[in-house]
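# Chains, contacts and geometry: an overview
Here is how the chains run, residue by residue.
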Amino acid sequence: MKRRKLLKAGLSASGLLLAGGTTGFYLGRVEDRSILSLDVLSGKLQQLKGETLNSSGDWNPVKVFLHCAKSIEFSMIGFPVHRSSAFKNVVGTSAFSTFASLGKMHHALDEPIPGEDSLRLTDSKVTSTAAAINILLDRINAFTSYQGELKEHFAFGKLSKDEYELAHVMHVYNHLAEIVT
């Protein structure tokens, strides 16, 4: 019985990896990898603070920036809910490896982090986009100066600080694809 479950899980993971590979091809590759740093991202966010921003997606810009800030915070304090170890070891590590090699991430942009308090984001007292960007910039600065042990990512598993920086940058850029001026 256990073998059958393991085989089914392996086949499911293989299907996801193939789909991820297809998605990776569709995403293309970032040619200028110098943009994949928190310093460059912070500069772009500073520029956005003075703009009138809208979203082409389901989340307004305030919710997008607060969500990205929470993701960075979770890397330091711990994610509230995790995928299974098997998922992280097979699918998660493969997905991160694909994203890292491409320099791009693609995920559902209206899906909260598992366990994230989505009501807090929706009903937050933060109403201005500039204030939400400032919160995100504050979390970026906290991450940059953080010296403690980083917590395991809910889907990708254990990441080094450099890998986490890349994950954070790709995550924010993925969300910025829906932010329009």
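Summarised in this report is the structure supplied together with it. These numbers were taken from a predicted model, which means no experiment stands behind them. (Residues numbered from 1 in each chain as written. Predicted model: local features only at pLDDT ≥ 70, side-chain atom pairs only at ≥ 80, totals over all residues. Heavy atoms only, no water.)

When you go through the protein residue by residue, the secondary structure sums to seven helices and two strands. When its helices and strands are written in sequence order, the protein yields α-α-β-α-α-α-α-α-β. A buried classification covers 40% of the 181 residues belonging to the protein. Taking the intrachain contacts of the protein between residues at least 6 apart in sequence as the baseline, contacts between residues at least 24 apart amount to 86%. (Helix = DSSP H or I, 4+ residues; strand = E, 2+ residues; numbered from the N terminus. Buried < 20%, exposed > 50% of the residue type's maximum accessible area, 1.4 Å probe, protein only. Contact = heavy atoms within 4.5 Å.)

Orientation of helix α2 (residues 38-48) relative to helix α7 (residues 161-176), taken along the N-to-C sense of each, is 30°, at an axis distance of 10 Å. Classed by the angle they form, the pair α2 and α7 counts as roughly parallel. Crossing handedness for the pair α2 and α7: left-handed. Together, L38, V40, L41, K44 and L48 of α2 and E165, H168, V169, V172, Y173 and L176 of α7 make up the contact between the two elements. Per-class residue counts for the contact of α2 with α7 are eight nonpolar, one polar and two charged. (Axes fitted to C-alpha atoms, helices over the stretch in contact; angles between N-to-C directions. Parallel < 35°, antiparallel > 145°, perpendicular 65-115°, else oblique. Left-handed = near helix turned anticlockwise from the far one by under 90°. Nonpolar A, V, L, I, M, F, W, Y, C, P; charged D, E, K, R; others polar.)

Let's shift gears to the pattern of salt bridges. Following the criterion strictly, the structure yields four salt bridges and no others. The partner of E152 in a salt bridge is K88, and the shortest N-O contact between them spans 2.4 Å. On the criterion of sequence distance, the pair formed by E152 in the loop between α6 (129-145) and α7 and K88 in helix α4 (residues 85-102) is long-range, its members being 64 residues apart. Given a relative accessible area of 35%, E152 falls into the partly exposed group. Across the pair D138 and R139 runs a salt bridge, and its minimum N-O distance is 3.1 Å. A residue is classified by how much of its surface remains accessible, and D138, at 44% relative accessible area, is partly exposed. Among the ionic contacts, a cluster of salt bridges with common partners joins K70, E73, D138 and R139. (Salt bridge = Lys/Arg side-chain N within 4 Å of Asp/Glu carboxyl O.)

Moving on: the nonpolar core. L41, L45, F65, F96, L136 and L176 are the most contacted members of the largest nonpolar core, which has 43 residues in total. Contributing elements (two or more residues each) for this core: α2, α3 (61-77), α4, α6 and α7. Tallying contributions element by element places α3 first for this core, with nine residues. (Core = buried A, V, L, I, M, F, W, Y, C linked by side-chain atoms within 4.5 Å.)

Another point: the packing of α3 against α6. One can describe the packing of α3 onto α6 by two numbers: an axis separation of 8 Å at closest approach and a directional angle of 15°. Considering their axes alone, α3 and α6 lie roughly parallel with respect to each other. Here α3 runs over α6; the crossing is left-handed. In this structure, α3 contributes P61, V62, F65, L66, C68, A69, I72, E73, S75 and M76 to the contact, and α6 contributes T129, A132, I133, I135, L136, R139, I140, A142 and F143. Counted by class, the contact of α3 with α6 contains 15 nonpolar, two polar and two charged residues.

All right, on to α3 then. Taking 1.5 Å of rise per residue, 17 residues should cover 24 Å, and α3 covers 24 Å from first to last C-alpha, within 8% of that figure. Its side-chain oxygen at 3.0 Å from the backbone nitrogen of V62, N60 defines the N-terminal cap of α3. Within two residues after α3, G78 carries a phi angle of roughly 110°, on the positive side. (Expected span 1.5 Å × (residues − 1). Polar contact = N/O pair within 3.5 Å; in protein donor to acceptor, adjacent residues only side chain to side chain.)

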